[in-house]
Every structure is written in structure tokens, then in C-alpha cells.
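# What the coordinates show
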Amino acid sequence: MTDYQSLGVRPLINACATMTKFGGSLMPPEVIAAMNEAATAFVDLQRLQRRAGERIAELTRNEAAYITSGAAAGIMLASAAAVLSKQPDALKRFPEIGPYKDEAIVFRSQRNPYDYAIHQTGLKYSEIEAAPAALRAAISERTASVFWFARGVDSVDEISLEAAIAIAAEHHIPVIVDAAAQLPPVDNLWRFTEMGAALALFSGGKDLRGPQSSGLMLGRRDLIDSIRPISNPNHGLGRPMKVGKEEMMGVLAAVERYINLDHAAREEYCEETVQLFCAALDPLPGVCAERAFPNEAGQPLPRCRVTIDTSVIGKSADDLVEAFLAQEPAIAVAPDSDSSFYLNPMTLNQGEERIVRDACLQLLRVP
Ligand SMILES: *Cc1c(COP(=O)(O)O)cnc(C)c1O
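Described below are features of the structure shown in this document. The model shown is predicted, which means the values in this text are computed figures rather than measured ones.

## Details of the side chain of Gln 87
Along the chain, the position of Gln 87 falls in the loop between helix H3 (71-86) and strand S3 (103-107). Judged by relative accessible area, which is 1%, Gln 87 ranks as buried. A polar contact is formed between the side chain of Gln 87 and the backbone nitrogen of Gly 98, at a distance of 3.4 Å. Excluding residues within four positions of it along the chain, Gln 87 makes contact with Arg 93, Ile 97, Gly 98, Tyr 100 and Lys 101.

## Quick notes on the site of the ligand
Every residue close to the ligand is listed here: Thr 20, Gly 70, Ala 71, Ala 72, Tyr 114, Phe 149, Asp 178, Ala 180, Ala 181, Ser 203 and Lys 206. Here an oxygen atom of the ligand and a backbone polar atom of Ala 71 are 2.8 Å apart. Within the backbone of Ala 72, a nitrogen or oxygen atom sits 2.9 Å from an oxygen atom of the ligand. Assessed atom by atom at 2 Å from the grid points, the ligand resides in the second largest pocket. A per-class count over the shell around the ligand returns 6 nonpolar, 3 polar and 2 charged.

## Let's talk about the packing of aromatic side chains
Counting across every chain of the model gives 2 aromatic pairs. With 5.6 Å between their ring centres and 75° between their planes, Phe 107 and Trp 148 make a pair best called edge-to-face. Separated by 41 residues along the polypeptide, Phe 107 in strand S3 and Trp 148 in strand S5 (residues 143-149) bring together distant segments of the chain. Each member of the pair, Phe 107 as well as Trp 148, is classed as buried. Over the face of the ring belonging to Tyr 125 we find Arg 111, whose NZ or CZ atom lies 4.2 Å from the ring centre. Above the plane of the ring of Tyr 342 lies Arg 303, whose end atom (NZ or CZ) is 3.6 Å from the centre.

## Thoughts on the layout of surface pockets
Roughly 770 Å³ of internal volume is contained in the largest pocket. As for the largest pocket, its lining consists of 30 residues, of which Ser 25, Leu 26, Thr 347, Leu 348 and Asn 349 are closest to the centre. Every element with two or more residues in the lining of the largest pocket is listed here: strand S1 (12-15), helix H9 (245-260) and helix H10 (263-281). The dominant element in the lining of the largest pocket, judged by the number of residues it contributes, is H10, at 4 residues.

## Brief notes about the nonpolar core
Core analysis: the largest hydrophobic core is formed by 45 residues, its most contacted members being Ile 56, Leu 135, Trp 148, Val 177, Phe 192, Phe 202 and Leu 216. Broken down by element, this core gets its largest block of residues, 6 residues, from helix H2 (residues 45-59). Among residues more than four places away in sequence, those in contact with Trp 148 are Phe 107, Gln 110, Asp 157, Ile 159, Ser 160, Leu 161, Ala 164, Val 175, Ile 176, Val 177 and Asp 178. Ile 75, Ala 81, Phe 147 and Leu 199 belong to the second largest nonpolar core, which has 33 residues in total.

Calculation rules
- Residues numbered from 1 in each chain as written.
- Predicted model: local features only at pLDDT ≥ 70, side-chain atom pairs only at ≥ 80, totals over all residues.
- Heavy atoms only, no water.
- Helix = DSSP H or I, 4+ residues; strand = E, 2+ residues; numbered from the N terminus.
- Buried < 20%, exposed > 50% of the residue type's maximum accessible area, 1.4 Å probe, protein only.
- Polar contact = N/O pair within 3.5 Å; in protein donor to acceptor, adjacent residues only side chain to side chain.
- Contact = heavy atoms within 4.5 Å.
- Near = heavy atom within 4 Å.
- 1 Å grid on protein atoms, 1.4 Å probe; cavity = no way out; pocket = protein on both sides within 12 Å on 5 of 7 lines; lining within 4 Å.
- Sits in = over half its atoms within 2 Å of the grid points.
- Nonpolar A, V, L, I, M, F, W, Y, C, P; charged D, E, K, R; others polar.
- Phe/Tyr/Trp six-rings, centres within 6.5 Å; stacked < 30°, edge-to-face > 60°.
- Lys NZ or Arg CZ within 6 Å of the ring centre and 35° of its normal.
- Points joined across faces, edges and corners; volume = space filled by probe spheres on them.
- Core = buried A, V, L, I, M, F, W, Y, C linked by side-chain atoms within 4.5 Å.

Shape descriptors only; they carry no functional weight alone.
Here is the structure:
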């Protein structure tokens, strides 16, 4: 059997984050088992999507759920659903929509590369300041949806998500939340929609540890039902973002696991690992290692920030990031600045923290 090694692709230890470019996350045995089992039989895919969605909705305390091929696909389908709720005849016209309900309001401070998926439906961005007055002024005949990019526990905007939802609700405009990386905490699976967001989107392949090419759209049943006719196996806007039976069963198993996971024990492992890194590295000459919180996606988990005096260590942080990747086993750490990087315990397997610590002791030695 051809494996990674025989292709010249080196497996790596991930002390960086649930990065798509490193494969997202690793599937636990129960997810792999569910995918393997799913691969052994033909099924009616639409019925599976409905039934698995109902189960996920129940587990996540939502009215409805739809399995997507990722959060980015979810952004696109949710954008389409918002258009369809006001313009049902757009079904076979995407991306030729309009002349009304053809704009999505996005906040300038929240713009990010993933929001391109909004535009792929044919929607135009109406980019505004993240403030209540700006939102009130921007809503018009053309507004199909308001987008909110959730950045976790440390985000600050002049407008809160609650306020955005309240203002949009006065005009019956759905608020769509990109919460792709907002797990943990687990209760985010229902928090945004309980607050009144119409739909919330999550990656299946990040902390949920489902298949990398899976995602969840959670929220209003009418919106979710509206995109079924244009999603696989049907034809239309959603067809290129196919979700297989294996991904459907895999992400369902991942949600079941995540809901029942001992999140406190997991948090404790992360705290202990950060302490292990700090205790080993901080005493080194030219090195400061400290706990940083929350992590890069605003998730309530700690990381270890390692700051180096480059004149003492003789290397820049970028050199070190490369050196970690070049060694055996290869380790991905998170780049930060010219003189700092992060070690993230979130994506480590138990036991790998010692390999990472030892590699740091090796590479951070004063020459
Ligand atoms: C990862 C991410 C996405 C994309 O998620 P996929 O599941 O990889 O499609 C979208 N938005 C944000 C904020 C993300 O972090």
C-alpha cells in the first residue's frame, strides 16, 4: 500500500493549530470506525443527509442541521439560503441574482479570506463599520443577509452580535455566523443560534475532529431546506461541494463524541503541557516562555509563547520555524513575530509534548 512516506511526504507533529494546510485535525477511532462502516453499503444519500442532520440538530440543540463539505462551503450555502428566503426563483440562477436581495452586509473589521465564499453565490459585499448606526443605515431592499465572523473570547467590536441580530431582526434579515474555528467551547454549537443567529457554520475537520472535508450548518429549518434542491446529489450551486456518505457518518460520530467529551480533562492536558513547555524553556538563556491565552482563534485554550533574543540564540523565529519542520520528526510550530513563535498543545497527541519539548531544548541551545 502506498503511504505518506513512500510518496516522500513526511508526517509531522502538529504544535501549530487545526490548520487546513497541515490536515486540520486527526480523526479519533470512533470517527474512523463510522466512516469505514459507512463505506461498506450503498444508501439513499438524501435520506442520509436528512436523518444525520436531524440527529446532529438534536445533539446540538438546533432546529435543523445540514452537513457541508466544510465551513467555507457552509458560508456559500448559507448565503444562498438567505437569498432564497426572499427570492425563491433564484434557485437556478445563481450566481445571476438580483436586482434586489443581492447584497450581504459584512463588517470591515471582520473581513477575512474565507468571506470570498459569500461572493461566489453572486452576492455583492456591502462593507460597513462594525457599529449599530452603520448597520441601521446600510440595511436596504438589497440586503439579503448580515454576516458575522466569530473570533472568540477576545473579540471587540463597537457592535455586539446581539445588537446586530436585534437590528437585522427588525428588517427580517438573517444573521449568518461564521464560527468555523469556534470550538471549544462546545456550547458554541447552540449559543449563536440560541442568541438568534439564523445559521451558524462550523468546520468538521478542526476541533470536532471529524473528516477534514466536512462541516456543519446549524439553525433555521426553512433556510436549510431551501438549499437541498441545489445541493448534491441534486444539481445547482451546491453540487460541486459534494459530501459523501462516509463524511456524513464521520461528522455525526465526531459530534456525538464532542458533545460527550470530557472537556475539563482536555483543558487540563493543555494547561499541563503549556506548564511543561514553560518550565523547560523559560530558564534557557535568551528565551522567555510564557502562557498565552486565549489561542489564535480566540478559543479558550492556552498556548506557550516563546520569545527569543535573536542576538543570543543566533537565529530568527522564522529560522526556528523552518528548523522545527526540517528535523526528524518534523514539528509544525506557529509563527508569530521575528522573535517569537507559539507552541500549541491543542493538536498534540498525548506523549508528543515531550518530543516537542526536547526538540525545543535542542534548537534553542545557545550555539
Ligand atoms: C477554517 C475556517 C473556515 C473554513 O473552514 P473549512 O471547514 O476549512 O471550509 C472559515 N472561516 C474561518 C474563520 C475559519 O477559521
